[in-house]
Amino acid sequence: FLQGLLTNDVTPLVAAGGAPPALYAHALNVQGRCLYDVILYRLHGSTAEEPHILLECDSSVLDSIQKHLKLYKIRRKVTITPCPDLSLWAVIPGEQPGDASSLPKSADQALLVTPDPRAEVMGWRLIVKKGANLSEIIPGSQVGDVQDYHRHRYKQGIPEGVKDLPPGVALPLESNLAFMNGISFTKGCYIGQELTARTHHMGVIRKRLLPVRFPAPLPSPGIPEGAEILTESGKPAGKFRAGGGELGIALLRLAHVNEPLCVNLGGDRVKLSVTTPEWWPKAAAK
């Protein structure tokens, strides 16, 4: 069922052996543009059990993603139910060397602890029953707020949710889906595959989502989502997608990323700097 709806090959989630318990993928529309970015988790213990897959999505699209899945369910014996009794945590490695190598865990309290399937810099995903004591599950951890998490992923250039990946607008390969282990080019048909496969095989991606930074303090009320980013000579270089504070993510033409860039805000020019994430494959950073 999911194999025909998502960009990634989901068969490892039900395969025997040491397959990873989590996968990242996008659900696309028929034009090949992103509708939802999701992380899938395997909950069943063995291949003998009925498959139970937990699907993580942006909470603001919970209703529409259920409608989307039910639309394609037709007569399949698939049950789709929300899980309000679970809570999801991102466990981000600290600044000290060695922090990222291992994660102590008290597995009996956690439903699932798994490396974030998108990129190593994102640490781990932790799924627990609502109200679980996190300091017992991960001793020595500190609970931050959701803004700390968003700042971390903007710094690393990891898009997530409908602000960073506007439904029906964002293209999966421009959104670095291949870099984030979110697509299979060998799995066969899925909705939106044709354009995505053609773009991949032609090998030409002229724009990409990249982390950007503005000088602090920012003019209030901040940089508006969708603001046009220009070169010094006034040529369009891309669009600001979303951010928090001075950090954000923007869709930029690769031809202009090494030039000075700015955003026009009420007559003022606000400069911004662009970085190529260190976790990208080396060939992509050129």
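Residues numbered from 1 in each chain as written. Predicted model: local features only at pLDDT ≥ 70, side-chain atom pairs only at ≥ 80, totals over all residues. Heavy atoms only, no water.

## Describing the domain arrangement of the protein
Split by domain assignment, the protein resolves into domain 1 (2-156) and domain 2 (206-285). One C-alpha centre belongs to domain 1, the other to domain 2; they are set 29 Å apart. Contacts between the two partners involve six residues from domain 1 and, on the opposite side, eleven residues from domain 2. Here domain 1 meets domain 2 over a buried area of about 760 Å², counting both sides, of which 61% is carbon and sulfur. If you sort the residues of domain 1 by the area they bury against domain 2, Arg-151, Tyr-154 and Gln-156 come out on top, with a joint share of 70%. Between domain 1 and domain 2 we count one salt bridge in total. A salt bridge links Arg-151 to Glu-246, with the nearest nitrogen and oxygen atoms 3.3 Å apart. (Domains from an automatic or database assignment. Contact = heavy atoms within 4.5 Å. Buried area = accessible area lost by both parts, 1.4 Å probe. Salt bridge = Lys/Arg side-chain N within 4 Å of Asp/Glu carboxyl O.)

## Quick word on the pattern of salt bridges
Tallied over the full model, the rule gives twelve salt bridges. Ionic pairing is found between Arg-118 and Asp-116, a salt bridge with its closest N-O pair at 2.8 Å. This pair shows no difference in class: Arg-118 is buried, exactly as Asp-116 is. Across the salt bridge formed by Arg-125 and Glu-160, the nearest N and O atoms sit 3.6 Å from each other. Placement of the pair is Arg-125 in strand E6 (residues 124-129) and Glu-160 in the loop between helix H3 (146-156) and helix H4 (161-164), with a sequence separation of 35 residues. Given the relative accessible area of 18%, Glu-160 is considered buried. Through salt bridges with shared partners, one network takes in Glu-56, Asp-116, Arg-118, Arg-125, Arg-153, Glu-160 and Asp-164. (Buried < 20%, exposed > 50% of the residue type's maximum accessible area, 1.4 Å probe, protein only. Helix = DSSP H or I, 4+ residues; strand = E, 2+ residues; numbered from the N terminus.)

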